[in-house]
Amino acid sequence: MPRVALFGECMLELRGTAFGAMTQGYGGDTLNTAVYLARLAGPRLAVQYATALGDEALSDGLVARWKAQGVGVDLVRRLPGRLPGLYLIEVDARGERRFSYWRDSAAARAYFDTDMPTPLEAEPLPCDWLYLSGISLAILPPAGRERLFGLMRRLRERGARVVFDNNYRPRLWPEVAAAR
């Protein structure tokens, strides 16, 4: 069975009005793609999500929901004391949305912050396809990006495919040159 790993960040989502009623959910470009891919492919494809989360109830809830959607979680790192990122969608009376983000200390940013191989780097490499986005790159510190670039090289050398969605978000990058 073909194996696809999707690397990125899933964040907790609050939606509503400031100091008013809000609903809680979750989302992120790569996680949304993983869910739709798992739904579409069913048992014909092994879909795994690679990210880092904390070791608390919110992270437990995310993992449980991903599993319920058919997304594998073997590539998820759990980092004690860390938390997932958070964003708020405020909806005004006309239905216009305004986004606010709290992600600077999100666990996903630290996925490659270890001297040991991450689950995504384990031998044998765990996927035939790797999917990531510009946001996946932007959230990582430079050393993490370099490790991810190295992983992509190793995957391609072994015949795997790397799929990249540029999904450029200027506010996540210190400058355009870094994103390029």
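Below you will find a few notes about this structure. If you're wondering where the values come from, they're calculated on a predicted model, not measured in any experiment.

1. Points about the overall build of the protein
Link 1 in the chain: Along the protein, the regular secondary structure elements total 5 helices and 10 strands.
Link 2 in the chain: The C-alpha atoms of the protein give a radius of gyration of 16 Å, which matches the 16 Å a tight globule of 180 residues would have.
Link 3 in the chain: Expressed as a percentage of the 180 residues in the protein, the buried residues total 47%.
Link 4 in the chain: Long-range pairs, those at least 24 residues apart, make up 70% of the contacts in the protein with a sequence separation of at least 6.
Link 5 in the chain: Mean positive and mean negative side-chain charge positions of the protein (24 and 20 charges, respectively) differ by 4 Å.

2. A closer look at helix 1 (residues 29-41)
Link 1 in the chain: Compared with an ideal rise of 1.5 Å per residue, which puts 13 residues at 18 Å, helix 1 spans 18 Å between its outermost C-alpha atoms and is within 8% of the ideal.
Link 2 in the chain: Tucked into the core, helix 1 has its buried residues touching strand 1 (3-7), strand 3 (22-27), strand 4 (46-50), helix 2 (57-68), strand 9 (129-133) and helix 3 (134-138).
Link 3 in the chain: After helix 1 finishes, the residue Gly42 shows a positive phi value of roughly 60°.

3. Focus on the nonpolar core
One broad rule of soluble globular proteins: the nonpolar side chains tend to lie buried together.
Link 1 in the chain: Phe7, Tyr111, Leu120, Leu130, Leu148, Leu151 and Leu155 are the most contacted members of the largest nonpolar core, which has 28 residues in total.
Link 2 in the chain: Those elements giving two or more residues to this core turn out to be strand 1, strand 9, helix 3 and helix 4 (142-157).
Link 3 in the chain: The greatest single-element share of this core, amounting to 4 residues, is contributed by helix 4.
Link 4 in the chain: Other than its neighbours up to four places away in sequence, Leu155 contacts Leu125, Cys127, Leu130 and Ala160.
Link 5 in the chain: Counting 20 residues, the second largest nonpolar core, distinct from the first, contains Ala38, Tyr49, Val63 and Val71.

4. Regarding unusual backbone geometry
Link 1 in the chain: Across the junction of Glu123 and Pro124, the peptide omega takes the value -10°, indicating a cis bond.
Link 2 in the chain: Position of Pro124 among the secondary structure elements: in the loop between strand 8 (97-102) and strand 9.
Link 3 in the chain: Its identity is not glycine, yet Phe19 carries a phi of approximately 60°, on the positive side.
Link 4 in the chain: Within the secondary structure, Phe19 is located in the loop between strand 2 (11-16) and strand 3.
Link 5 in the chain: Classification of Phe19 as exposed rests on a relative accessible area of 89%.
Link 6 in the chain: Look at Asn167: it is not a glycine, yet its phi comes out positive at around 25°.
Link 7 in the chain: Mapped onto the secondary structure, Asn167 falls in the loop between strand 10 (161-165) and helix 5 (176-179).

5. Some details on the sheet that holds strand 9
Link 1 in the chain: Strand order in the open sheet formed by 4 strands is 4-1-9-10, with parallel pairing between adjacent strands. What marks the edges here is a single partner per strand, and that holds for strand 4 and strand 10. Strand-to-strand twist in this sheet, taken as the mean axis angle between neighbours without regard to direction, amounts to 20°.
Link 2 in the chain: Inspection of the sheet shows strand 9 paired to strand 10 by 5 bridges, in the parallel sense. Bridging from a neighbouring strand, Tyr131 pairs with Val163 of strand 10.
Link 3 in the chain: In this fold helix 4 packs onto strand 1, strand 9 and strand 10, with an angle of close to 150° to the strand it touches most, strand 9.

6. Comments concerning the layout of surface pockets
Link 1 in the chain: Its volume calculated, the largest pocket comes out at about 370 Å³.
Link 2 in the chain: In terms of lining residues, the largest pocket is bounded by 17 residues, among which Gly28, Tyr87, Tyr101, Ile135 and Arg169 are the most central.
Link 3 in the chain: Within the residue set of the lining of the largest pocket, elements represented by two or more residues are strand 2, strand 3, helix 1, strand 7 (86-91) and strand 8.
Link 4 in the chain: In the lining of the largest pocket, the residues fall into 8 nonpolar, 3 polar and 6 charged.

Calculation rules
- Residues numbered from 1 in each chain as written.
- Predicted model: local features only at pLDDT ≥ 70, side-chain atom pairs only at ≥ 80, totals over all residues.
- Heavy atoms only, no water.
- Helix = DSSP H or I, 4+ residues; strand = E, 2+ residues; numbered from the N terminus.
- Rg over C-alpha atoms; globule rule 2.2 N^0.38 Å.
- Buried < 20%, exposed > 50% of the residue type's maximum accessible area, 1.4 Å probe, protein only.
- Contact = heavy atoms within 4.5 Å.
- Lys, Arg positive; Asp, Glu negative; His and termini not counted.
- Charge placed at Lys NZ, Arg CZ, Asp CG, Glu CD.
- Expected span 1.5 Å × (residues − 1).
- Core = buried A, V, L, I, M, F, W, Y, C linked by side-chain atoms within 4.5 Å.
- Pairing = 2+ DSSP bridges.
- Axes fitted to C-alpha atoms, helices over the stretch in contact; angles between N-to-C directions.
- 1 Å grid on protein atoms, 1.4 Å probe; cavity = no way out; pocket = protein on both sides within 12 Å on 5 of 7 lines; lining within 4 Å.
- Points joined across faces, edges and corners; volume = space filled by probe spheres on them.
- Nonpolar A, V, L, I, M, F, W, Y, C, P; charged D, E, K, R; others polar.

Geometric values such as these leave the question of function open.
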